[in-house]
Amino acid sequence: MVSKAKSLRYPLIGFWTAGNDIIADGNWVWAPDNEPMKFAPWGPGEPNEFGKEDCAGLLNFLDFYLNDADCNSISFFHM
Ligand SMILES: [Ca+2]
Ligand SMILES: [Ca+2]
C-alpha cells in the first residue's frame, strides 16, 4: 500500500534489469548466463517476493535501487 500511495503522487517509472529469480525464488541471477547477482543494490526490504515477484527492476520511488516485481508488469520499461 505504501508503494501504491507513492505511485499516485509520482508516476511509477521503472526499468527492468536482466536480474531474475525465475529458476528458484531467492536465487537471483543475471540473464542470459544465470550468473549470480553478487552486488545487487536492493532497495530497503527488497527483494520481498510480494505475491510473485521474479524480475529485478530499478524504481524511481526507490531512488532507482533494485526491487523485485512481477515480470508481467506493464508499467516497466525494458532497458
Ligand atoms: Ca521471486
Ligand atoms: Ca518487491
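Residues numbered from 1 in each chain as written. Chains lettered and ligands numbered in written order. Predicted model: local features only at pLDDT ≥ 70, side-chain atom pairs only at ≥ 80, totals over all residues. Heavy atoms only, no water.

A.B. asks: Could you give an account of the packing of aromatic side chains, naming the residues involved and the relevant values?
C.D. replies: For the structure shown, the criterion picks out two aromatic pairs. Relative to F64, the ring of F15 lies with its centre 6.1 Å away and its plane at 35°, an arrangement referred to as tilted. Within this pair, whereas F15 is found in strand β1 (residues 14-20), its partner F64 is found in the loop between β4 (55-59) and β5 (66-69), the two being separated by 49 residues in sequence. Residue F15 is classed as partly exposed on the basis of its relative accessible area of 29%. Considering the side-chain rings of W28 and W42, the 4.7 Å spacing of their centres and the 65° angle between planes classify their relative orientation as edge-to-face. In this pair, W28 sits in the loop between β1 and β2 (29-30) while W42 sits in the loop between β3 (35-36) and β4, placing the two residues 14 residues apart along the sequence. With a relative accessible area of 21%, W42 lands in the partly exposed category. (Phe/Tyr/Trp six-rings, centres within 6.5 Å; stacked < 30°, edge-to-face > 60°. Helix = DSSP H or I, 4+ residues; strand = E, 2+ residues; numbered from the N terminus. Buried < 20%, exposed > 50% of the residue type's maximum accessible area, 1.4 Å probe, protein only.)

A.B. asks: Pulling in residues and values, what's your account of the environment of L66?
C.D. replies: The topology assignment puts L66 in strand β5. Measuring from C-alpha to C-alpha, the distance between L66 and G19 comes to 9.5 Å, with 47 residues separating the pair along the chain.

A.B. asks: Before we move on, could you go through the coordination of the calcium ion (ligand 1) and cite the residues and values that matter?
C.D. replies: Ideal geometry at a metal centre: 109.5 degrees between donors when four sit tetrahedrally, and 90 or 180 degrees when six sit octahedrally. At this site the calcium ion (ligand 1) is bound by D21 (OD), D21 (OD), D25 (OD), E49 (OE), E53 (O) and D54 (OD), with donor distances of 2.0 to 2.5 Å. For the calcium ion (ligand 1), the six donor atoms are set out with angles of 52 to 165° between them, so the coordination reads as irregular. Along the chain, the residues donating to the calcium ion (ligand 1) fall in the pattern D-x3-D-x23-E-x3-E-D. Note that D25 is positioned in the loop between β1 and β2 and E49 in the loop between β3 and β4, a separation of 24 residues in sequence. Overall, D25 belongs to the partly exposed group, its relative accessible area being 47%. Residue class for E49 comes out partly exposed when judged on its relative accessible area of 27%. (Donors = N, O, S within 2.8 Å, 3.2 Å for Na, K, Ca; no water. Tetrahedral: all angles 85-135°; square planar, octahedral: opposite > 155°, others 65-115°.)

A.B. asks: Lay out the coordination of the calcium ion (ligand 2) in plain terms, naming residues and giving numbers.
C.D. replies: Bound to the calcium ion (ligand 2) are the protein donor atoms E46 (OE), N48 (OD1), E53 (OE), N67 (OD1), D68 (O) and D68 (OD), situated 2.2 to 2.4 Å from the metal. Classification of the site at the calcium ion (ligand 2) as irregular follows from its six donor atoms and the range of 69 to 145° in their angles at the metal. Expressed as a motif, the donor residue spacing for the calcium ion (ligand 2) is E-x1-N-x4-E-x13-N-D. The buried category is assigned to E53, whose relative accessible area is 10%.

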